[in-house]
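# Residue-level structural notes
The residues making up each chain are set out below.
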Amino acid sequence: MPRKLLPLLLIVALACLPFVADWLDQRALQSLVARIMIYAIAAASLNLILGFGGMVSFGHAAFFGLGNYAVGILYFHFADSTSLFGFIPGTDNFLITFPAAILVAGLFALLIGLLALRTEGVQFIMITLAFAQMIFAFFVSLNGYGGDDGLIIRKANTLFGMSLRNKTTIYYVILAVAVGYFFWLHRVKGSSFGNILAGIRQNEKRMVALGINPFRYKLFAFVLAGMGAGAAGALMAVFLRFASPDTLAWTKSGEFMIMVILGGVGSFVGPIWGAATFLVLHDYLASWTEHWQLFMGLLLLFVVLRTKGGIAGAIESFRARFK
Amino acid sequence: MTIHKYALALALTLGTTLASHAQDPVEIGMITTLSGPAGYLGQDIRDGLQLAIDAEGGKLGGVDVELVVEDDARKPANARQIAERFVFDDDIKLVTGIIFSNIAGAVVPDVVDSDAIYISPNAAPSTFAGENCNANYFVTSWQNDSLHEASGIAAKELGYKNAFVLAPNYQAGKDAVTGFKRMFGGEIVGEIYTQLDQTDYSAEMAQIRAAKPDVVFQFHPGGLGIAFLRQYQQAGLLAEIPMVLSEPSSDAVILNALGDAAIGLKTTAHWSPDFDNAASKEMMAAWKKAYPDRPLTYYATQGYDTGLAIASALKQTGGIDDLDAFKDALRKADFQSVRGNFSFGQNQHPVQDWYLLDVVAGEDGKPTTKTVRKLVENYGDVYAKDCKL
Amino acid sequence: MTLIFEQLLNGLLYGVMLFLMAAGLTLIFGIMGVINLAHGSLYMVGALAGAWVANATGNFWLGLPAAMAASLLVGLIIEMTVIQRLYDRPHLDQVLATFSLILILNELAVLLIGRQPIFLQLPEALTDPIELLPGLPYPPFRLLIILAGLLVALGLYVLINRTRIGMLVRAGSTHRDMVRALGVNIKGLYTAVFGLGALLAGLAGFMMAPIGAVQIGMGEQILLTTFVVVVIGGVGSVKGAFVAGIALGVIDTSLRAFLPGFLRQIMDGPDADALGLGIASMGIYLLMALVLLIRPKGLFPMKG
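Scoring rules and cut-offs
- Residue numbers here run from 1 along each chain, matching the order of that chain's written sequence.
- Here the convention is simple: chains get letters from A, ligands get numbers from 1, in the order in which they are written.
- With pLDDT at 70 or above as the cut-off, local features in this predicted model cover only qualifying residues; side-chain atom pairs require 80 or more to be listed or tallied, and sums for whole chains, interfaces and linings still use all residues.
- Under the DSSP-based scheme used, a helix requires at least four consecutive residues in state H or I and a strand at least two consecutive residues in state E, with every element numbered from the N terminus.
- Counting other C-beta atoms within 10 Å of its own, a residue is labelled buried from 20 upward, exposed at 12 or fewer, and partly exposed in the gap between, with every C-beta atom placed from the backbone.
- C-beta atoms are first placed from the backbone for all residues, and any pair lying within 7 Å is then listed as a contact.
- Our radius of gyration looks at C-alpha atoms and nothing else; its globule reference is 2.2 Å times the residue count to the power 0.38.
- When DSSP finds at least two bridges between two strands, those strands are taken to pair.
- Ten residue types, Ala, Val, Leu, Ile, Met, Phe, Trp, Tyr, Cys and Pro, are classed as nonpolar, four, Asp, Glu, Lys and Arg, as charged, and the remainder, Gly among them, as polar.
- Each helix should span, by expectation, one fewer than its residue count multiplied by 1.5 Å.
- We define the nonpolar core as any set of buried residues of the types Ala, Val, Leu, Ile, Met, Phe, Trp, Tyr and Cys, connected via C-beta atoms lying within 7 Å of each other.
- An automatic or database domain assignment provides the domain bounds reported here.
- Helix axes are fitted to C-alpha atoms over the stretch in contact, other axes to C-alpha atoms as well, and angles between N-to-C directions run from 0 to 180 degrees.
- With respect to orientation, any angle under 35 degrees is reported as roughly parallel, any angle over 145 as roughly antiparallel, any angle of 65 to 115 as roughly perpendicular, and every other angle as oblique.
- Each crossing gets its handedness from the near helix: less than a right angle anticlockwise from the far helix is left-handed, clockwise is right-handed.

On to the overall build of chain A, then. When helices and strands are counted, chain A shows 13 helices and six strands. C-alpha atoms of chain A, sized along the principal axes, occupy 60 × 50 × 40 Å. Evaluated residue by residue, chain A yields a buried proportion of 54% over its 323 residues. For chain A, long-range pairs separated by at least 24 residues make up 75% of all intrachain contacts whose partners lie at least 6 apart in sequence.

Right, dumping it as structure tokens:
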């Protein structure tokens, strides 16, 4: 019973959170949870290739940042009343910026995937990093769009005439996207595509023998993952009203990896646990001591050395012990 | 059910800090950069402000205050989360501390739009200085451009006809070059933007030598500046081509790290340790007592001045229950700044004097700055006229 | 002409630094199969310890053994407490664990030394530029670094190709399981190799100390480029690290030095600068992507 009801319970709890947080006088909690949901989407999209598909990408921030900048640049041209490349008008309509961000991230994922997936193992890790770093360097030297300082989205995006500046409105938008994304991801995992992807991870040769072309499936997964990260990046831009190159940095890719590992590689709910733990820990430690990095480092080290399969793995073994 | 409710509350509370702060002291929220190579900048601003508070025995302007500090790790999203917690959960009405312009860009709009006051002790990008100025936004340091405009004025007055300019490739770097050029007016024989994480500047040194300019202007804050100046010296350029610096490339820590290499440099600033005013002397004595091993940087003085500014307003209002009254009081800038003349302009950015300084050997043998002359008096910034406050 | 020669020397210096970092990393990577993100932290430890000791004693050269000893010590400690447990773990666990080490070492350095950059003055004899060619003064310390780097390269070549431990190292990087099966004390070999890598990182850190800024987080600035060198050279190949290190050093320096000027002749000043810098900072990653697409195992792949 509880396993089926758990997701529903979580959604209800998240939906009630703004009221509860208000009642407890903890309104920043709402923003923290919103960030957790955004990072959970990004980490889950990485988990799709990393955990389900066995492709260790160290450049996932590229897609997160591209989604981030897509929203930022469209708003920039909207505020400026100019057009991108001379023919694409800017907009602040979330119904356009959000899909545009996903599309841009997906296109780049297709391009990068086409090249990067020719390699594997350590080389794949490094080539994805290389492409991400190139995109990072490109945006940092892009003077027109703020360069290193990023773009301020002063007036926020709108959705059906509502301003997404309102914290509760954007919270529910993020929640809706997150629920939709995880529902979709669940379907993907259980689909024949998901099974083939898992098959490729476990034994690529066998899949080839079965007449399956692994490259096409891996590429498809890579593009889907890129689109997921792009969606998360777009949400982050709308939420923070700010697009900046730090969303493209290799350290951001590292953070996504840490969230996935922390939560449990290949576990469906792992990225949610991972993102929540990482952000809450960070927030809590940083408000407690300025030397938070020391404690963060020790805790992460403990988790990786002492647990198998991250938090999701720990929960599984805990559950197994009481059966 | 009640047990569940409390368990929930407990779990939620774990995520953030406890919100139940008592009424009494006025809380000042400081979001600053304490980790990474730029960590000393945030540390100095924090300690400077704390020094002003300690000087009054935990008060500013006779009102009990408490400084709440958090490290943003130089990440805009982190800073934003801290700001929300400060403003919404802890009901902090005074926020300060940000070092970098890009972090200010992510945080300032949100803070000032939430009926809280942001007082910048450092970064002041042009974004918030002109048309988009805000009644809740004050700056006690300088407007980014004016830092480097002072150097442009200095280079012009020193009679240099052409210059070679270098800065890191980010907004503050470009602002620096723009500001310098605006006031210098001479020919620019070379303009190079370096990478932000660059450690080796030998390629640039060779280009400077080949261009043979009258003067070099470079803006490289913190560790970048140390590396740049060291390599400038090692390349033998220090004796050949004079250099005019702006303040961030010649703070006390950088000068200290350069040792003898720094002596003979020309720099421009709004404060120097040899200033002959009571406020500056008082601060220098207090700093020396509290941190005998650390050189006093201008960052620390900006933190200190921020404290004095807040004190001047609190003294008039007795608290921050009436924010409008507090802002009116703050705008008067009724305090003795360590830099002498100080008032707020139309856009609530400083109007102050800029000086030409020589780097000389101090009494302890370590390099320090000596005031040569005043370059400009009551100097604001070029954006103030667009501000309709 | 002298400008080109000078820039080549500058590129060589940068390349030598990259080689010192990459030599250790590629061995650790190739032999133990560990992705060690904390390698940059060992570089920082060397620079901090060297600068601190040199300042405390007033003798520049005492900093050198101090830097190498400190890096070696910290390297051995983390190898025995953390890295050892990672040998049989997936790359992902290694990434997380060594990333944690970066956080821990950076913050420990803040606690021990503080946040301010440390200053390390060169001895008098090394400060004044010497006239290398007419019209080309060059800092003697830079020449010394280049020389030291080349000597280390030679030393490593002898160590790996002419000694018993070198033989084990070579065998270890191609046939790891076979070496283990032959009853070699693989644990000791691993510790020794990791220590060697740490030692070289400490040496690199000390040599950079008088040139750059000795500060917290300096290791991360050089870490990524080091990985690029390792991958381009071929994981596990010291020869590859040498060739790729020098090549990247020269290419990166030349791009930064000559590209904007070249572009300025065909387009507007500011645009040329922006484009030039953009390409220059993308350059090494572009190169890595190209090499990996053409030779996935790098320039000098290890056999086996």
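A tally of helices and strands in chain C yields 11 helices and two strands. The N-to-C order of helical and strand elements in chain C reads α-α-α-α-β-β-α-α-α-α-α-α-α. For 304 residues, the compact-globule estimate of 2.2 N^0.38 gives 19 Å, and chain C sits close to it at 20 Å. Taken over the C-alpha atoms alone, chain C extends approximately 60 × 50 × 35 Å along its principal axes. For chain C, the residues scored as buried account for 57% of the 304 residues in total.

Here we take up the pairing of strand E1 (residues 130-133) of chain C. Residue and element names in this part refer to chain C. Where E1 lies against strand E2 (residues 136-138), three bridges are found, and the strand directions are antiparallel. Its bridge partner lying in E2, glutamate 131 is registered against proline 137. Linking two consecutive strands that pair antiparallel, namely E1 and E2, is a turn of two residues; a positive phi of about 80 degrees is found at glycine 135 within it.

A separate point is the sheet that holds strand E4 (residues 94-96) of chain B. Residue and element names in this part refer to chain B. Taken together, the six strands give an open sheet; going across it, the order is E2-E3-E1-E4-E5-E6, and neighbouring strands pair in mixed fashion. The two strands at the open ends of the sheet, each matched to only one other strand, are strand E2 (59-60) and strand E6 (137-139). Direction of pairing for strand E1 (residues 26-32) relative to E4: parallel, over a ladder of three bridges. Paired with methionine 30 across the bridge in E4 is threonine 96.

Taken together, the contact pairs 32 residues of chain A with 32 residues of chain B. Counting residues per element, the ones that place at least two in the side of chain A that touches chain B are helix H2 (28-52), helix H11 (270-288) and helix H12 (292-306) of chain A. Taken together, the residues that form the side of chain A that touches chain B break down as 13 nonpolar, nine polar and 10 charged.

Listed as interface residues are 33 residues of chain A and, on the opposing side, 34 residues of chain C. Counting only elements with at least two residues in the side of chain A that touches chain C, the list comes to helix H5 (122-140), helix H10 (250-263) and H12 of chain A. Tallied by class, residues from the side of chain A that touches chain C come to 23 nonpolar, nine polar and one charged.

This part takes up helix H8 (residues 222-234) of chain B. Because the α-helix completes a turn every 3.6 residues, residues three or four places apart line up on one side. Residue and element names in this part refer to chain B. Taking 1.5 Å of rise per residue, the 13 residues of H8 would be expected to cover 18 Å, and the 19 Å separating its terminal C-alpha atoms lies within 8% of that figure. Burial within H8 is extensive, with 13 of its 13 residues counted as buried. Positioned one or two residues after H8, glycine 236 has a phi angle of 80 degrees, which is positive.

Considering the arrangement of structural elements, one finds A:Thr119 in the loop between helix H4 (94-116) and H5. Using a count of 18 C-beta atoms within 10 Å as the deciding quantity, one classes A:Thr119 as partly exposed.

Despite not being glycine, A:Arg241 shows a phi value in the positive range, around 50 degrees. Tracing the backbone through its elements, the reader meets A:Arg241 in the loop between helix H9 (214-240) and strand E6 (242-243). On the basis of neighbour count, A:Arg241 is assigned to the buried category, with 24 C-beta atoms found within 10 Å. Of note in this structure, B:Ala73 is not a glycine but carries a positive phi near 50 degrees. The topology assignment puts B:Ala73 in the loop between strand E3 (63-71) and helix H3 (76-89).

With 360 residues, the main nonpolar core has A:Ile38, C:Ala47 and C:Met288 as its most contacted residues. The biggest single contributor to this core is H2(A), with 19 residues. Looking at which domains feed residues into this core, each of domain 1 (2-142 + 277-344) and domain 2 (145-269 + 353-385) of chain B supplies at least three. Those residues within four positions of C:Met288 in sequence are excluded, and the remaining contacts are A:Met126, A:Ala130, C:Val228, C:Val231 and C:Ile232.

Next up on the list: the packing of H2(A) against H11(A). Residue and element names in this part refer to chain A. Between H2 and H11, the shortest axis-to-axis distance is 8 Å and the interhelical angle comes to 135 degrees. One element, H2, and the other, H11, form an angle in the oblique class. Where H2 crosses over H11, the two elements pack in a sense that is right-handed. Together, Leu32, Arg35, Ile36, Tyr39, Ala40, Ala43, Ala44 and Asn47 of H2 and Gly270, Pro271, Ile272, Gly274, Ala275, Ala276, Leu279 and Asp283 of H11 make up the contact between the two elements. Taken together, the residues that form the contact of H2 with H11 break down as 11 nonpolar, three polar and two charged.

All names here are of chain C. The geometry of helix H1 (residues 2-32) relative to helix H5 (residues 140-162) is characterised by a closest axis approach of 9 Å and an angle of 40 degrees between their N-to-C directions. Judged by the angle between their axes, H1 and H5 are oblique. Our pair here, H1 against H5, has a crossing hand that is left-handed. On H5, the residues touching Leu12, Leu13, Val16, Phe19, Leu20 and Ala23 of H1 are Arg142, Ile145, Ile146, Gly149, Leu150, Val152, Ala153 and Leu156. Classifying every residue of the contact of H1 with H5 gives 12 nonpolar, one polar and one charged.

Turning next to the pairing of E3(B). Residue and element names in this part refer to chain B. For E1 and E3, the ladder comprises seven bridges, and the chain directions are parallel. What sits directly across from threonine 32, in E3, is aspartate 71. Pairing of E2 with E3 involves two bridges; the strand directions are antiparallel. Bridge assignment links leucine 60 to a residue of E3, and that residue is valine 63. Taken together, E2 and the strand that follows it, E3, pair antiparallel across an intervening segment of two residues, in which glycine 61 is found at a positive phi of about 60 degrees.

In this section: the environment of C:Leu122. Residues and elements named next belong to chain C. Summarising the element assignment, leucine 122 is placed in the loop between helix H4 (91-113) and E1. Taking C-alpha positions, leucine 122 is 9.7 Å from asparagine 59, a pair spaced 63 residues apart along the chain. For leucine 122, the contacting residues outside a window of four places in its chain are Phe60, Thr127, Phe141 and Pro210.

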